[in-house]
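Residues per chain, in single letters:
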Amino acid sequence: MRPTWREPYPITGGGVSVGAVTAFAWLLLFGLLGHDVPSYAWWTLVAGGLAWLAAAVLVRYGDRGVAAGVAIVTAGGWSIAAAVVAVRWAQSGDWPLW
């Protein structure tokens, strides 16, 4: 008989969902602090960086499913912020972040 190795923290759909909802709320709260495109983009960048730091800690010491949900939604939030910046840049012809 060969030994069977089992995951200590298996990734579940519930864990990914919890991480996704938490990251969505986190990015939404930080995004609402911005009053214009540059401040929205910077707040989103900071919030995403902190979220990915938390996801990295979760990958190492906690629930990897929650970390995956956080990482996926954070990447989506950064993509939305990049699209908003790109649209503003295309409309004004001036780089909006500084």
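Below or above, wherever it landed, is the structure these notes cover. Values in this document were obtained by computation on a predicted structure and should not be read as measured data.

### As for the overall build of the chain
Step number 1: In terms of regular secondary structure, the chain is built from three helices and zero strands.
Step number 2: For the chain, the succession of helices and strands along the chain, N to C, is α-α-α.
Step number 3: On C-alpha atoms alone, the chain measures out to a radius of gyration of 17 Å, which is more than a quarter above the 13 Å that the 2.2 N^0.38 rule sets for 98 residues.
Step number 4: Taking the principal axes of its C-alpha atoms as reference, the chain extends roughly 70 × 25 × 20 Å.
Step number 5: Across the 98 residues of the chain, 27% fall into the buried class.
Step number 6: The long-range fraction of contacts in the chain, counting pairs at least 24 apart against all pairs at least 6 apart in sequence, stands at 62%.
Step number 7: Counting only carbon and sulfur atoms, one obtains 72% of the accessible surface of the chain, whose full area is about 6700 Å².
Step number 8: Across the chain, the mean location of the 5 positive side-chain charges is 19 Å away from that of the 4 negative side-chain charges.

### Describing the environment of Glu 7
Step number 1: Note that Glu 7 resides in the segment before α1 (13-31).
Step number 2: By relative accessible area, Glu 7 is classed as partly exposed at 37%.
Step number 3: When the C-alpha atoms of Glu 7 and Ala 51 are compared, they prove to be 24 Å apart, with 44 residues separating the residues in sequence.

### Structural notes on the environment of Gly 93
Step number 1: Among the secondary structure elements, Gly 93 is positioned in the segment after α3 (64-92).
Step number 2: Of the residues examined, Gly 93 reaches a relative accessible area of 60% and is grouped as exposed.

### Focus: the side chain of Thr 74
Step number 1: Structurally, Thr 74 is set in helix α3.
Step number 2: Apart from residues no more than four positions distant in its own chain, Thr 74 is found in contact with Ala 23, Leu 27, Gly 48, Ala 51 and Trp 52.

### Observations concerning α3
Step number 1: Relative to the 42 Å expected for 29 residues at 1.5 Å per residue, α3 spans 42 Å between its end C-alpha atoms, a close match to the ideal helical length.
Step number 2: Among all positions of α3, only Gly 65, Val 66, Ala 67, Gly 69, Val 70, Thr 74, Gly 77, Ala 81 and Val 85 are buried.
Step number 3: In this structure, the buried residues of α3 make contact with α1 and α2 (37-61).
Step number 4: Near the N-terminus of α3, the side chain that reaches the backbone nitrogen of Gly 65, with its oxygen 2.9 Å away, is that of Asp 63.
Step number 5: Following α3 by one or two positions, Gly 93 adopts a phi angle in the positive range, close to 75°.

### Some thoughts on α1
Step number 1: If you check α1, its first and last C-alpha atoms are 26 Å apart, about what 19 residues at 1.5 Å a residue would give, namely 27 Å.
Step number 2: Those residues of α1 that sit buried are Gly 15, Gly 19, Ala 23, Leu 27, Phe 30 and Gly 31. Along the axis of α1, the buried residues cluster in a sector spanning 125°; they form a single face. Those residues of α1 that are exposed and angled more than 90 degrees off the buried face are Gly 13, Val 21, Phe 24 and Leu 29.
Step number 3: Among the structural elements, α2 and α3 are those in contact with the buried residues of α1.

Analysis parameters
Residues numbered from 1 in each chain as written. Predicted model: local features only at pLDDT ≥ 70, side-chain atom pairs only at ≥ 80, totals over all residues. Heavy atoms only, no water. Helix = DSSP H or I, 4+ residues; strand = E, 2+ residues; numbered from the N terminus. Rg over C-alpha atoms; globule rule 2.2 N^0.38 Å. Buried < 20%, exposed > 50% of the residue type's maximum accessible area, 1.4 Å probe, protein only. Contact = heavy atoms within 4.5 Å. Areas by Shrake-Rupley, 256 points an atom, 1.4 Å probe, with all protein chains shown as cover. Lys, Arg positive; Asp, Glu negative; His and termini not counted. Charge placed at Lys NZ, Arg CZ, Asp CG, Glu CD. Expected span 1.5 Å × (residues − 1). Polar contact = N/O pair within 3.5 Å; in protein donor to acceptor, adjacent residues only side chain to side chain. Arc of directions from axis to C-beta.

Remember that the coordinates give geometry; whether it matters functionally is a separate question.
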